[in-house]
Amino acid sequence: IPLLNEFGELVAVVQAINKLKPDSRKTDSLFDKIDRQGFTEEDKQEFAENAALIRMILESFCSFHKTAQGRRVAAALMAATRSIQGSSLEIDEIIKRVMDAAKNLMNADRSTLWLLDRNQPDELWTKVTFDDGSERELRIKIGQGYAGKVAQMGVPLNIPFDLYEYPDSETAKKTDEKTGYRTCSLLCMPVFNTDGDLIGVNQLINKKKYSDEMSVCLKYHAPVPDLFQASFTPSDQKYMQIFNNQVGVILQNAELLAALKQQEETLKCQSEQ
């Protein structure tokens with residue numbers, strides 16, 4: 001299938017070989033995996049619906065694939081895509097893998113993905129793992145905090161070092177005082193699905209300089225180490241936008257599959273009754 005840009009010019013050709021059965025297993029032989037019907041018109045339509053996103057990613061890679069950061073973007077996108085493959089498709093697992101990829105991509109100290117609650121559309125939620133291994137669900141209202149404001153406005157927020165000098169940093173200071181952590185810089189960006197609807201907000205905290213001393217800790221009452229006297233750049237923001245486009249697809253697919261699974265379980269329970 002050819003991929004054309006908005007001017008009708010060829011960007012790439014995608015070649016898919018051997019349509020597999022949807023219920024095939026990795027341990028099956030290739031002979032048993034292959035769907036004898038082959039690719040269908042529905043497959044072509046599904047590809048067409050995602051072609052614009054694929055083309056945009058490829059065009060973006062063409063412009064910076066020779067740079068070190070460009071290669072890191074490609075690796076992070078692959079890691080994010082793999083988060084939905086070969087897993088249980090539990091949303092918690094996907095969140096963790098996606099944000100680990102984002103953190104590595106941007107060389108950030110911490111990362112959080114806030115998801116829009118479909119049952120309570122005025123709230124964002126996430127799960128945070130603490131140092132003792134325990135997990136806790138956190139919720140914020142749309143418009144509350146940096147992530148809530150980004151969800152409300154639908155635009156990125158990039159606060160450079162030092163965030164404490166930012167006019168609206170009082171809440172962050174109070175939170176840091178309670179936790180003992182120190183917030184120095186922040187990049188917060190909306191995540192949209194393929195329909196253009198807000199699906200969540202990712203939040204990267206504390207850009208780190210590339211250094212041999214990567215294990216330096218941040219403490220609220222201590223001077224900020226040189227490692228963290230850094231800011232997320234416009235280039236970082238551009239790469240994260242490309243990353244977020246893929247994340248939106250991953251999350252939308254995960255939600256769809258989870259809904260289908262729940263529907264199947266409901267029908268199964270009804271038939272048993």
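Located above this text is the structure these notes cover.
Quick caveat, the model's predicted, so the values are computed rather than measured. (Residues numbered from 1 in each chain as written. Predicted model: local features only at pLDDT ≥ 70, side-chain atom pairs only at ≥ 80, totals over all residues. Heavy atoms only, no water.)

Visitor: Help me understand the overall build of the protein, please; the structure alone is not making it clear to me.
Guide: Along the protein, the regular secondary structure elements total seven helices and eight strands. For the protein, the proportion of its 273 residues judged to be buried stands at 38%. For the protein, restricting intrachain contacts to residue pairs at least 6 apart in sequence, the fraction spanning at least 24 positions comes to 53%. In the structure as shown, the protein presents an accessible area of about 16,600 Å², 52% of it carried by carbon and sulfur atoms. (Helix = DSSP H or I, 4+ residues; strand = E, 2+ residues; numbered from the N terminus. Buried < 20%, exposed > 50% of the residue type's maximum accessible area, 1.4 Å probe, protein only. Contact = heavy atoms within 4.5 Å. Areas by Shrake-Rupley, 256 points an atom, 1.4 Å probe, with all protein chains shown as cover.)

Visitor: When you look at the layout of surface pockets in this model, what are you seeing that I'm missing?
Guide: The rolling of a water-molecule-sized probe over the atoms marks out the regions of remaining empty space. Its boundaries defined by the atoms lining it, the second largest pocket holds a volume of some 1,600 Å³. Surrounding the second largest pocket, 40 residues form its lining, Arg-110, Thr-112, Val-128, Leu-138 and Ile-205 being those nearest its centre. For the lining of the second largest pocket, the elements supplying multiple residues, two or more each, are helix H4 (91-106), strand S3 (108-116), strand S4 (123-129), strand S5 (135-141), helix H5 (145-153), helix H6 (170-179) and strand S8 (198-207). For the lining of the second largest pocket, the element with the most residues is H4, which contributes seven residues. For the lining of the second largest pocket, a count of residues per class yields 14 nonpolar, twelve polar and 14 charged. (1 Å grid on protein atoms, 1.4 Å probe; cavity = no way out; pocket = protein on both sides within 12 Å on 5 of 7 lines; lining within 4 Å. Points joined across faces, edges and corners; volume = space filled by probe spheres on them. Nonpolar A, V, L, I, M, F, W, Y, C, P; charged D, E, K, R; others polar.)

Visitor: Would you take a moment to explain the pairing of S3 for this structure?
Guide: For a regular strand, the rule is simple: side chains alternate between the two faces of the sheet. In the sheet, S3 pairs with S8 via seven bridges, with the strands oriented antiparallel. In the strand pairing of S8, Leu-115 is matched with Gly-200. In this structure, S3 lies alongside S4, joined through two bridges in antiparallel fashion. Within the sheet, the bridge partner assigned to Leu-115 lies in S4 and is Trp-125. (Pairing = 2+ DSSP bridges.)

Visitor: For this particular structure, what's the right way to read the pattern of salt bridges?
Guide: Side chains that differ in charge, positive against negative, can pair when their charged atoms come close. Inspection of the entire model under this criterion finds 13 salt bridges. Arg-139 is the partner of Glu-137 in a salt bridge, and the nearest nitrogen-oxygen pair spans 2.8 Å. Owing to a relative accessible area of 38%, Arg-139 belongs among the partly exposed residues under this scheme. Here Lys-207 and Asp-236 are joined by a salt bridge, their closest N and O atoms 3.1 Å apart. Taken together, the residues span a long stretch of sequence, with Lys-207 in strand S8 and Asp-236 in helix H7 (residues 234-272) at a distance of 29 residues. As far as the burial class goes, Lys-207 and Asp-236 line up, both buried. (Salt bridge = Lys/Arg side-chain N within 4 Å of Asp/Glu carboxyl O.)

Visitor: It is not clear to me how the side chain of Asn-193 should be interpreted in this structure. Could you clarify?
Guide: Among the structural elements, Asn-193 can be located in the loop between strand S7 (186-192) and S8. Given the relative accessible area of 11%, Asn-193 is considered buried.

Visitor: In this structure, what is going on with the sheet that holds S5? I would like to understand it.
Guide: Pairing between sheet strands relies on hydrogen bonds along the backbone, with the strands arranged either parallel or antiparallel. If you trace the six strands from one edge of the open sheet to the other, you get S5-S4-S3-S8-S7-S6, paired in antiparallel fashion. A strand with exactly one partner marks an edge of an open sheet, and here the two such strands are S5 and strand S6 (157-159). Recorded for the sheet is a direction-independent mean angle of 20° between the axes of neighbouring strands. (Axes fitted to C-alpha atoms, helices over the stretch in contact; angles between N-to-C directions.)

Visitor: For this particular structure, what's the right way to read the side chain of Asp-162?
Guide: Note that Asp-162 resides in the loop between S6 and H6. Of the polar contacts made by the side chain of Asp-162, one reaches the side chain of Arg-182; its length is 2.9 Å. For Asp-162, the residues in contact, after removing those within four places along its chain, are Arg-182, Thr-183 and Cys-184. (Polar contact = N/O pair within 3.5 Å; in protein donor to acceptor, adjacent residues only side chain to side chain.)

Visitor: Would you take a moment to explain the packing of aromatic side chains for this structure?
Guide: The description of an aromatic ring pair uses the distance of the two centres, along with the angle that the planes make with each other. For the structure on display, the rule yields two aromatic pairs. Each ring, one from Tyr-146 and one from Tyr-166, has its centre 6.4 Å from the other, and the planes form 65°; the classification is edge-to-face. A residue pair is termed long-range when its members are at least 10 positions apart, and Tyr-146 in helix H5 and Tyr-166 in the loop between S6 and H6 qualify at 20 residues. (Phe/Tyr/Trp six-rings, centres within 6.5 Å; stacked < 30°, edge-to-face > 60°.)

Without other data, these values stay purely geometric and don't point to any function.
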